[in-house]
Structures are given as structure tokens and as C-alpha cells.
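# Commentary on secondary and tertiary structure
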Amino acid sequence: MGDFGKTQFENGLMQEFGFRLDRFELFIAVRHQVKVLYEVGLARTAGWLQYLGKRVSEPDTPFERGIEEDFRQYFSGARVAFNYQLHIQGLTDFQRKVLDALRGIPYGQVLSYAAVARKIGHPRACRAVGNACGKNPFPIIIPCHRVITASGGIGGFGAGTEI
């Protein structure tokens, strides 16, 4: 994540805010502009935020409070999907294909890295699928956490596999 707070970006102000989900000791930071999400960051400790050297502002608009509420509902099991316009940049065509495939994995189901690779027409690209999952700028919203190893284990997750 970049600087938190309100910063000039493209044709207007980039809004950034964050909040904590106590149950999971998870910090979530969101960057958005005119109701388009640009990035979601997850961290297990406040130290991550201190490392950035910035203070995260609290959600202060109805849109921001809605995002916070949507994440709280998701982590409580009351929400199964998100419906936000996402601005995805800096990814290769392959990585975009992977993220598009991940959006098609229904809540409560999983696919292996190999199954995702087959689904996008690159059956031998299991590791590349894993790398693309690691580049996901919208964890939880684009459900990279629904992709597992061939043995059924969790391959990894930026905010920790305990979630």
C-alpha cells in the first residue's frame, strides 16, 4: 500500500482508509477513488502499518463504512461475495486470466492450482498460477484463498494461513 490518508491521484483524490477485524487480528487497508477500488492490503499486525510510517485514517464516508461492513459480514459468514468495480493494473495477461478464473470459484469451494491452470488453458502452469495468486491486489475480494495445493493444503496467503 502507498501513503495512507488522502493523496492526489490521476484525476482526483485517492482515498485510503483502514480498519481492524479483532476476531482475526487482521488489519485491512483500502485505496479507492470515486467508488473504484485500486488496492486492498491485509496484514496480521499493526507493525505492518508502522513499517509504512503512516497512520491509517478511519472510514469516514458512507462508501468507506460500507466496505468495512462488507468485510465484517464476509468474515462473520453473512456475506459470500463482493460487488465492487476494481481497477486492476500492473499485471500480465496471464495473471489477469488467473484472477478472472479465481472470481469464478464459488464461496465454500476450492480449486487446486492445477485445476485453475487447466481452466485457463495452461495445464502445466501450476506454479505460475501460484505466483499470479501472490500478485492479487484484491485479496478476499478476488478469492485467491480458495486455491489449494494438489494435496489439499494451503499454498500460502499474504496475511497468514490462519485466517
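Being a predicted model, the structure only gives us computed values, none of them experimental. (Residues numbered from 1 in each chain as written. Predicted model: local features only at pLDDT ≥ 70, side-chain atom pairs only at ≥ 80, totals over all residues. Heavy atoms only, no water.)

### Remarks on the packing of helix α3 (residues 93-103) against helix α5 (residues 126-134)
Helix-helix packing is described using two parameters, namely the angle between the two axes and the distance between the axes. Running from N to C, α3 and α5 point in directions that differ by 80°, and their axes come no closer than 9 Å. Regarding the angle of α3 to α5, the classification is roughly perpendicular. Residues F94, Q95, V98, L99 and L102 of α3 form the contact with α5, whose own contacting residues are A128, V129, A132 and C133. The class makeup of the residues in the contact of α3 with α5 is 8 nonpolar, 1 polar and no charged. (Axes fitted to C-alpha atoms, helices over the stretch in contact; angles between N-to-C directions. Helix = DSSP H or I, 4+ residues; strand = E, 2+ residues; numbered from the N terminus. Parallel < 35°, antiparallel > 145°, perpendicular 65-115°, else oblique. Contact = heavy atoms within 4.5 Å. Nonpolar A, V, L, I, M, F, W, Y, C, P; charged D, E, K, R; others polar.)

### Quick word on the state of the cysteines
Tallying each qualifying case throughout the model produces 0 disulfides. Unpaired in this structure, C133 has its nearest cysteine sulfur neighbour in C144, at a distance of 5.8 Å. (Disulfide = S-S within 2.5 Å.)

### Examining the environment of V98
Here V98 lies in helix α3. Considering only alpha carbons, one finds V98 and I120, 22 residues apart in sequence, at a separation of 6.9 Å.

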